[in-house]
Amino acid sequence: MAAGAGAGGGLRPLAEDGSPAAPAYTVADLAGEIAAREREDAPRWVWASTARLYPRLLAAGVRVARCHDLELVENLLLGHAGRYGEPRSVRAASARLHGRPVPPDPPPSHEEASAQASLFGDDDTGERAAPHDDLAQIVEVHAAQRRAVAGLDGFALLAAAESAGSLVAAELGHDGLPWSAAEHDALLTELLGPRPSGGLRPRRLQELADRIGAAFGPRTHVNPDSPAQILKAFAAAGLPIPSTRAYVLKRVDHPAVPLLLEYKELARLHAAHGWAWLDTWVRGGRFRPEYVVGGVVSGRWATNGGGALQIPRVLRRAVVADPGWCLVVADAAQLEPRVLAALAGDRAFADAAAHGDLYAALSDAFRSDEATGGLSARAKAKLALLSAMYGGGTGEAVQLLGVLKSRFPDAFEYVEAAARAGERGRLVRSLLGRTCPPPSAGWRELTLTGDDERDPAEPTPDGARRPATAAQALRSRGRFTRNFVVQATAADWALALLGSLRRRLTALGPPRLVFFQHDEVIVHAPAELADAVTEAVRASSEEARTLLFGTTPVAFPMEIAVVDRYADAK
DNA sequence: TGGGCCGGCGCG
DNA sequence: AAAGCGCGCCGGCCCA
């Protein structure tokens, strides 16, 4: 499918291998034609970009079951080839196929909303229309991608999952998360005082600001929003601190500290998710974020504005199901360590991950050593795992990593190997083939020269916070690739889950996916379908497991709650 | 006044 | 208890 300048466009049926199966044709009403074809034989739609095209279809009431998103797949293929950041448009892909000069990508859609609006027939923006899609290029780029994908292990599934994810993302933005503005406003008023007029501080924040000043001395004024002023005030009080981070402040004995901690928490809520956010982002009882598929190198999603992936926990009481409906809140328990267990094929580790509480199952290995005092065996297991996956390992974690290494050598070695590859400047991949970016030219230069002479504490000349030494840069890259293999494979799994769940929910009818956050989904459903949705979530988790890992003994249990409001889940 | 960096913190 | 990975967004602040 190629969108034209107005409401029309061009189409051409393709065979499964991507070769043309019938002549191309044009239609004046593209959305209507897609709806009709979808009813007839529900093809896999091959198009340039779901993010650009599908919102318009959704607005016209048209949904499709399957697609192939050429830009997203091109991006995955470029990444696999170590060519991160090269243009991914269909034009660029076509130019590469023919050895022509490659045009740069246009800016992201949210920066040119008016140009985007011209697709599917908005005529109010006229001449600024995005370039029309070229059907012949779409056909040839798709065929080339099919060939490339077929040659890479796991990539067919990755391309399908990424494309299915793009459909989910657009639908999430269209349907929106049920959001009670009244609940939100009540919570803000309860915590901050009544909504202030103008740009004034809410009453509670102003009180705290005044008391903070007073705590540093009579007639003293400190802007608690200014870390620089807070640092100065503490230094003047004879209590120099390295930063004003909450955990630093907590260790300081001064009357301003509890006030500052409370201020920071409330000010954050007010600034990031206060009344201004509510005005901007909630309409008609729905919060409609713009998800960005492929926006994170690991395959996690990002969002544009609205901070959908950072909704504070206290605000979850504003997420309320419609009357007669419920929220099915499901999250994958301990996803990343389970992914590591399945990836590494570590027999003992996989057995521990075969059900229930993974960390508890590992406890035996971490019990009974006197060196690491206060922690429970379960806490030790968790700390060891997190250190292995994130590349931490100071203090007592060193010793716990040793336990992990001796008891679960294959799991340990899996992430160690990824870290070594990173330190050598090599690429690592998720199970399905999503590939990490190559190191920057600056990294190569720094690590090649092995300039390790400077004091690590010495600030860099330009004041930027980049590694001061080759050793730091190497370790940092190692931590990145170490984590990448786990985080990106977890993202593979989550995408497979989403695709499977979307298909099952479509079969159920009214239920809608309304939220997705890395390893967690919310489905909005009529109350009487709660059990069916719960079952669909479990079946999807199982399908994702099998698609990725085949016959692994590792389980991927979902913690599922059926609630009226998000805050009531767990 | 607008752009961009920084410190800080929300989420997984 | 904090810190190792991945993000987005805010206000403060500096500079053009």
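Every value quoted in this text rests on a predicted model; they were computed, and no experiment measured them.

### Some remarks on the sheet that holds strand S13 (residues 520–526)
Turning to step 1, where the next piece is worked out: The four strands are arranged S12-S13-S11-S14 in an open sheet whose pairing can be described as antiparallel. Where the open sheet ends on each side, the last strands, each with one partner, are strand S12 (512–516) and strand S14 (558–563). Averaged over all pairs of adjacent strands, the angle between their axes in this sheet comes to 20°, without regard to strand direction.
Turning to step 2, where the next piece is worked out: Here six bridges tie strand S11 (residues 325–332) to S14, and the two strands are oriented antiparallel to one another. Across the sheet, Ala330 pairs through a bridge with Ile560, a residue of S14.
Turning to step 3, where the next piece is worked out: In the packing of helix H22 (residues 530–549) onto the sheet, contacts are made with S11, S13 and S14, and the angle to S14 comes to roughly 165°.

### A look at the nonpolar core
Turning to step 1, where the next piece is worked out: Membership of the largest hydrophobic core comes to 128 residues, with the highest contact counts inside it found for Trp179, Trp301, Phe366 and Trp493.
Turning to step 2, where the next piece is worked out: If one sorts the elements of this core by residue count, helix H21 (residues 470–508) sits on top with 13 residues.
Turning to step 3, where the next piece is worked out: In this structure, Trp493 is in contact with Ala332, Leu335, Ser541, Ala544, Arg545, Leu548, Phe549, Phe556 and Met558, ignoring residues within four places of it in sequence.
Turning to step 4, where the next piece is worked out: Counting residues in hydrophobic clusters, the runner-up holds 19 residues, among them Ala35, Trp45, Trp47 and Tyr54.

### Looking at helix H6 (residues 135–150)
Turning to step 1, where the next piece is worked out: Along its 16 residues, H6 runs 23 Å from first to last C-alpha, staying within 8% of the 22 Å computed at 1.5 Å per residue.
Turning to step 2, where the next piece is worked out: Within the sequence span of H6, burial applies to Leu135, Gln137, Ile138, Val139, Val141, His142, Ala143, Ala144, Gln145 and Val149.
Turning to step 3, where the next piece is worked out: The backbone nitrogen of Ala136 has a side-chain oxygen 2.9 Å away, supplied by the residue at the start of H6, namely Asp134.

### Quick notes on the pairing of strand S5 (residues 66–69)
Turning to step 1, where the next piece is worked out: Relative to S5, strand S4 (residues 44–47) runs parallel, the two sharing four bridges. The partner of Val46 across the bridge, within S5, is His68.

### Notes on the packing of aromatic side chains
Turning to step 1, where the next piece is worked out: Counting across every chain of the model gives 13 aromatic pairs.
Turning to step 2, where the next piece is worked out: Seen in terms of ring centroids, Trp47 and Tyr54 are 6.0 Å apart; in terms of plane orientation they differ by 35°. Their pairing is tilted. Just as Trp47 is buried, Tyr54 falls in that class too.
Turning to step 3, where the next piece is worked out: Arranged with centres 4.8 Å apart and planes meeting at 75°, the rings of Trp301 and Phe516 form a pair that is edge-to-face. Linking Trp301 in the loop between strand S9 (290–292) and strand S10 (302–304) with Phe516 in strand S12, this pair joins segments that are 215 residues apart in sequence.
Turning to step 4, where the next piece is worked out: Given the relative accessible area of 5%, Phe516 is considered buried.

### Points about the side chain of Asp346
Turning to step 1, where the next piece is worked out: Looking at the element boundaries, Asp346 is found in the loop between helix H14 (335–344) and helix H15 (347–352).
Turning to step 2, where the next piece is worked out: Buried and without a salt bridge, Asp346 has Arg347 as its closest oppositely charged side chain, separated by 8.1 Å.
Turning to step 3, where the next piece is worked out: What Asp346 contacts, discounting residues up to four positions off in sequence, is Ala341, Phe408, Pro409, Asp410 and Ala411.

### With respect to the confidence of the model for chain A
Turning to step 1, where the next piece is worked out: Taken as a whole, chain A shows an average pLDDT of 89; of its residues, 91% reach a score of 70 or greater.
Turning to step 2, where the next piece is worked out: Here residues 111–130 scores under 50 on pLDDT; set against residues more than four positions off or in separate chains, the count is 35 contacts.
Turning to step 3, where the next piece is worked out: Within the model, pLDDT remains below 50 along residues 453–465, and this stretch shows 12 contacts once partners closer than five positions in the same chain are excluded.

### A short note on the protein's contact with DNA strand C
Turning to step 1, where the next piece is worked out: Inspection of the region around DNA strand C gives 26 residues, with Ser226, Gly305, Tyr390, Arg479 and Phe480 positioned closest.
Turning to step 2, where the next piece is worked out: A share of 74% is what sugar and phosphate atoms reach among the atoms of DNA strand C within 4 Å of the protein.
Turning to step 3, where the next piece is worked out: The contact in question runs from a base nitrogen of DNA strand C to an N or O atom on the side chain of Arg300, over 3.5 Å.
Turning to step 4, where the next piece is worked out: Where the surface near DNA strand C is concerned, the elements lending two or more residues are helix H12 (256–273), S10, helix H17 (377–390) and H21.
Turning to step 5, where the next piece is worked out: Looking at the surface near DNA strand C element by element, the count peaks at four residues for H21.
Turning to step 6, where the next piece is worked out: Of the residues that constitute the surface near DNA strand C, the class distribution is nine nonpolar, 12 polar and five charged.

### Some remarks on H12
Turning to step 1, where the next piece is worked out: Over its 18 residues, H12 runs 25 Å from end to end, which matches the ideal 26 Å to within 8%, given 1.5 Å per residue.
Turning to step 2, where the next piece is worked out: Where H12 is concerned, the buried positions are Ala256, Val257, Leu259, Leu260, Tyr263, Leu266, Ala267, Leu269 and His273.

### Points about unusual backbone geometry
Turning to step 1, where the next piece is worked out: Of note in this structure, Ala42 is not a glycine but carries a positive phi near 40°.
Turning to step 2, where the next piece is worked out: With respect to the helices, strands and loops of the structure, Ala42 is situated in the loop between helix H1 (30–41) and S4.
Turning to step 3, where the next piece is worked out: Despite not being glycine, His518 has its phi angle at roughly 70°, a positive value.
Turning to step 4, where the next piece is worked out: Tracing the chain through its elements places His518 in the loop between S12 and S13.

### Re the packing of helix H3 (residues 70–80) against H6
Turning to step 1, where the next piece is worked out: Contact geometry for H3 and H6: axes closest at 11 Å, N-to-C directions at 40°. Taken together, the axes of H3 and H6 are oblique relative to one another. In the packing of H3 onto H6, the handedness of the crossing is left-handed. Counting all contacts with H3, which are made through Leu70, Val73, Glu74 and Leu77, the residues of H6 involved are Ile138, Val141, His142, Gln145, Ala148 and Val149.
Turning to step 2, where the next piece is worked out: Among the residues making up the contact of H3 with H6, the classes are represented as seven nonpolar, two polar and one charged.

### Notes on the protein's contact with DNA strand B
Turning to step 1, where the next piece is worked out: Residues in close proximity to DNA strand B total 21 residues, the closest being Thr244, Lys264, Arg268, Gln310 and Asp519.
Turning to step 2, where the next piece is worked out: Here the atoms of DNA strand B within 4 Å of the protein split so that 75% fall in sugar or phosphate, with bases taking the remainder.
Turning to step 3, where the next piece is worked out: A distance of 3.1 Å separates a phosphate oxygen of DNA strand B from a polar backbone atom of Arg313.
Turning to step 4, where the next piece is worked out: Each residue belonging to the surface near DNA strand B can be placed in one class, and the counts come to six nonpolar, seven polar and eight charged.

### Some remarks on the pairing of S11
Turning to step 1, where the next piece is worked out: Of all eight residues in S11, seven are buried, a share of seventy percent or more.
Turning to step 2, where the next piece is worked out: As judged from the seven bridges shared by S11 and S13, these two strands associate in the antiparallel manner. Across the sheet, Asp331 pairs through a bridge with Glu520, a residue of S13.

The rules behind the values
Residues numbered from 1 in each chain as written. Chains lettered and ligands numbered in written order. Predicted model: local features only at pLDDT ≥ 70, side-chain atom pairs only at ≥ 80, totals over all residues. Heavy atoms only, no water. Pairing = 2+ DSSP bridges. Helix = DSSP H or I, 4+ residues; strand = E, 2+ residues; numbered from the N terminus. Axes fitted to C-alpha atoms, helices over the stretch in contact; angles between N-to-C directions. Contact = heavy atoms within 4.5 Å. Core = buried A, V, L, I, M, F, W, Y, C linked by side-chain atoms within 4.5 Å. Buried < 20%, exposed > 50% of the residue type's maximum accessible area, 1.4 Å probe, protein only. Expected span 1.5 Å × (residues − 1). Polar contact = N/O pair within 3.5 Å; in protein donor to acceptor, adjacent residues only side chain to side chain. Phe/Tyr/Trp six-rings, centres within 6.5 Å; stacked < 30°, edge-to-face > 60°. Lys, Arg positive; Asp, Glu negative; His and termini not counted. Salt bridge = Lys/Arg side-chain N within 4 Å of Asp/Glu carboxyl O. pLDDT = per-residue confidence, 0-100. Near = heavy atom within 4 Å. Nonpolar A, V, L, I, M, F, W, Y, C, P; charged D, E, K, R; others polar. Parallel < 35°, antiparallel > 145°, perpendicular 65-115°, else oblique. Left-handed = near helix turned anticlockwise from the far one by under 90°.

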